[in-house]
Amino acid sequence: MKTQLPNTWAGNLAARLREKDVQFSAFMAIKNGELRADTFENSEVLNTDPRSNATLVAGSALSAVLFALHELPEFEGNDGLAALHSLVAALATLDNGGSPDLLMPRQDAGGKRRHLGRDYVEDHALLCVELLVALDKRSRTSARKVVAKAFSKHGHKGRKKVSGVLQGLSQKSIFEWKVRFNELPQKSPRRTWLTSSVQKYTNMPEWPPTESELLVEIERIANHPLLKTKI
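In this text, all values refer to a predicted model and were calculated from it rather than measured experimentally.

Q: Would you take a moment to explain the overall build of the chain for this structure?
A: A tally of regular secondary structure across the chain gives ten helices and two strands. Moving toward the C terminus, one meets the helices and strands of the chain in the order α-α-α-α-α-α-β-β-α-α-α-α. Within the span of the chain, comprising 231 residues, buried residues form 33% of the whole. Within the chain, contacts between residues at least 6 apart in sequence are counted, and of these 59% link residues at least 24 apart.

Right, dumping it as structure tokens:
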């Protein structure tokens, strides 16, 4: 039983979280205009704010993790779970219209505030550029155009508006991301991640892939929920 428990436990948790991911991705797609709320024929979805619903599902996903941890003897008595439990409570408070201290901005944070989710998307776009360059030594301008097209296809947009509407991602936007990325300290976590991620791909036994195979991987990255839900 002991050897089977971890696999069963992980499988049950994975199934719960996949279900939450489907819900979360749907609400984010509604928020971003990629899905119509009436697609689901659910009045609760149709008449409520998709952003708030996404926040609620995020709290529910974290609750599922806590519930799963409670099943393990190592977490009997809730030892080590105070921070996660408090975050679940804060998300529930936020959903009920409150302003939990735990989710308030840091008061001494100065300058222009960056959206860390946006950084995540930008870093993956830059990774795709570097992989194309590593594959066939093409110019970065050419690589950026390919990546911009793939990411735009899956709903990613730049920050510039035309007639009040955000446009699809352009190679110029990715160039600007790279310029900003180059201003990071040499030992920043984002720089370290990009370098190690490129090495991870290029050290794979199947590297180098064909161009079409790499384009499929770029499409997979662009369309992954971890990126799509941060649009």
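Q: Any chance you could explain the environment of serine 142 here in plain terms?
A: Relative to the elements of secondary structure, serine 142 occurs in helix α6 (residues 140-153). Relative accessible area serves as the criterion here: at 29%, serine 142 is assigned to the partly exposed category. Considered as a pair, serine 142 and glutamine 171 are 29 residues apart in the sequence and their alpha carbons are 8.5 Å apart.

Q: What am I meant to see in the pattern of salt bridges here?
A: Should the charged atoms of two oppositely charged side chains come close, the side chains can pair. Counted under the stated rule, the structure contains eleven salt bridges. Salt-bridge contacts for arginine 140 lead to glutamate 130; the nearest nitrogen and oxygen are separated by 2.8 Å. Of the two residues, arginine 140 is situated in helix α6 and glutamate 130 in helix α5 (residues 116-136); the sequence distance between them amounts to ten residues. Residue arginine 140 is classed as partly exposed on the basis of its relative accessible area, which comes to 39%. The salt bridge partner of arginine 220 is glutamate 217, with a shortest N-O separation of 2.8 Å. In this pair, arginine 220 and glutamate 217 both sit in helix α9 (residues 211-222), three residues apart, roughly one turn of the helix. Owing to a relative accessible area of 44%, arginine 220 belongs among the partly exposed residues under this scheme. Residues participating in the shared-partner salt-bridge network are Arg118, Glu122 and Arg180.

Q: I keep staring at the side chain of threonine 55 and nothing clicks. Help me out?
A: Its place among the elements puts threonine 55 in helix α3 (residues 50-70). Accessibility expressed as a relative area gives 18% for threonine 55, which makes it buried. Once residues lying within four places of it in the same chain are set aside, the contact partners of threonine 55 are Leu91 and Leu94.

Q: Sorry if this is basic, but what is going on with α6 here?
A: The end-to-end C-alpha separation of α6 is 20 Å, in line with the 20 Å expected for 14 residues at 1.5 Å each. Turning to α6, its buried residues number three or more, namely Ala143, Arg144, Val147, Ala148, Ala150 and Phe151. Seen along its axis, α6 keeps its buried residues to an arc of 170°; they face one direction. Turned more than 90 degrees from where α6 packs its buried face, Lys145, Lys149 and Lys153 sit exposed. Buried residues in α6 make contact with α5, α7 (171-182), α9 and α10 (225-228). Positioned one or two residues after α6, glycine 155 has a phi angle of 95°, which is positive.

Q: What am I meant to see in the packing of aromatic side chains here?
A: Two aromatic rings, taken as a pair, are described by how far apart their centres are and by the angle between their planes. For the coordinates displayed, the defined rule picks out zero aromatic pairs. Lying across the ring of tyrosine 120, lysine 230 places its NZ or CZ 5.1 Å from the centre.

Q: Please clarify how the nonpolar core should be interpreted in this entry.
A: Grouped together as the largest cluster of nonpolar side chains are 28 residues, with contacts concentrated most on Val147, Phe151, Ile174 and Ile218. Residue assignment for this core shows that the elements contributing at least two residues are α5, α6, α7, α8 (189-202) and α9. Here the element with the most residues in this core is α5; it accounts for ten residues. The contact partners of valine 147, leaving out residues within four places of it in the chain, are Ala125, Cys128, Val129, Leu132 and Ile174. In this structure, Trp9, Leu13, Ala68 and Leu81 belong to the second largest nonpolar core, which totals nine residues.

Q: Explain the packing of α3 against helix α4 (residues 82-95) here, please?
A: The description of two packed helices rests on the angle between their axes and on the distance between the axes. Here α3 crosses α4 at 155°, and the two axes come no closer than 9 Å. One way to sum up the angle between α3 and α4 is to call them roughly antiparallel. In this structure, α3 crosses over α4, and the sense of that crossing is left-handed. Taken together, the residues of α4 that come into contact with α3 (itself represented by Ser52, Thr55, Leu56, Ala58, Gly59, Leu62, Ser63, Leu66 and Leu69) are Leu84, His85, Leu87, Val88, Leu91, Leu94 and Asp95. Its residues assigned to classes, the contact of α3 with α4 shows ten nonpolar, five polar and one charged.

About the cut-offs
Residues numbered from 1 in each chain as written. Predicted model: local features only at pLDDT ≥ 70, side-chain atom pairs only at ≥ 80, totals over all residues. Heavy atoms only, no water. Helix = DSSP H or I, 4+ residues; strand = E, 2+ residues; numbered from the N terminus. Buried < 20%, exposed > 50% of the residue type's maximum accessible area, 1.4 Å probe, protein only. Contact = heavy atoms within 4.5 Å. Salt bridge = Lys/Arg side-chain N within 4 Å of Asp/Glu carboxyl O. Expected span 1.5 Å × (residues − 1). Arc of directions from axis to C-beta. Phe/Tyr/Trp six-rings, centres within 6.5 Å; stacked < 30°, edge-to-face > 60°. Lys NZ or Arg CZ within 6 Å of the ring centre and 35° of its normal. Core = buried A, V, L, I, M, F, W, Y, C linked by side-chain atoms within 4.5 Å. Axes fitted to C-alpha atoms, helices over the stretch in contact; angles between N-to-C directions. Parallel < 35°, antiparallel > 145°, perpendicular 65-115°, else oblique. Left-handed = near helix turned anticlockwise from the far one by under 90°. Nonpolar A, V, L, I, M, F, W, Y, C, P; charged D, E, K, R; others polar.

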